[in-house]
Amino acid sequence: MIANFGYTDGSGEYYIMLDTDKCNGCGACVPACRAHILELRDNEYAPLAATKIVVVKDANRKRIKYDCAPCKPASAARALRCVTACKPGAIAHSW
Ligand code: SF4
Ligand code: SF4
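Residues numbered from 1 in each chain as written. Chains lettered and ligands numbered in written order. Predicted model: local features only at pLDDT ≥ 70, side-chain atom pairs only at ≥ 80, totals over all residues.

Digging into the sheet that holds strand β5 (residues 91–93)
Reading across from one edge, β1-β2-β5 is the order of the 3 strands in this open sheet, with antiparallel pairing throughout. Across the chains shown, the open sheet's two edge strands, defined by having one partner strand only, are β1 (2–9) and β5. Averaged over all adjacent pairs, the angle separating strand axes in this sheet is 10°, with direction ignored. Strand direction decides the pairing type here: strand β2 (residues 12–19) and β5, joined by 3 bridges, are antiparallel. Within β5, the position partnered with Leu18 by the bridge is Ile91. (Pairing = 2+ DSSP bridges. Helix = DSSP H or I, 4+ residues; strand = E, 2+ residues; numbered from the N terminus. Axes fitted to C-alpha atoms, helices over the stretch in contact; angles between N-to-C directions.)

Next comes the structure, spelled out in structure tokens:
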């Protein structure tokens, strides 16, 4: 499934989307994120899988537009650090 972390406000939709079927809990995206908004947690989407999964920290879910802003490349052709770090391609952004 796709887990959406973020919010919609008057200026747009700000979501980090995680494909929970692709995330293998490797953790590579966590240190790649200079804003430190990602963390590994028990996989609540598939508890029997006994694997960790990455989530956006609770405290950051309502402000990711601002947390991610310094990290967003000026050119859309350049990939985000978290996206580049994720070899299975589990992370996408809505903006
Ligand atoms: S875009 Fe940058 S700041 Fe936002 S989650 Fe990805 S690596 Fe972290
Ligand atoms: S790098 Fe990708 S597969 Fe690894 S924990 Fe992060 S989202 Fe999951």
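What to know about the site of ligand 1
The local shell around ligand 1 consists of Ile16, Ala32, Cys33, Ala35, Ile37, Leu38, Asp67, Cys68, Cys71, Leu80, Arg81 and Cys82. The set of elements that each furnish at least two residues to the shell around ligand 1 consists of α2 (64–68) and α3 (81–85). Residues belonging to the shell around ligand 1 are distributed by class as follows: 10 nonpolar, no polar and 2 charged. (Near = placed C-beta within 6 Å. Nonpolar A, V, L, I, M, F, W, Y, C, P; charged D, E, K, R; others polar.)

Just geometry here; none of it tells us what the structure is for.
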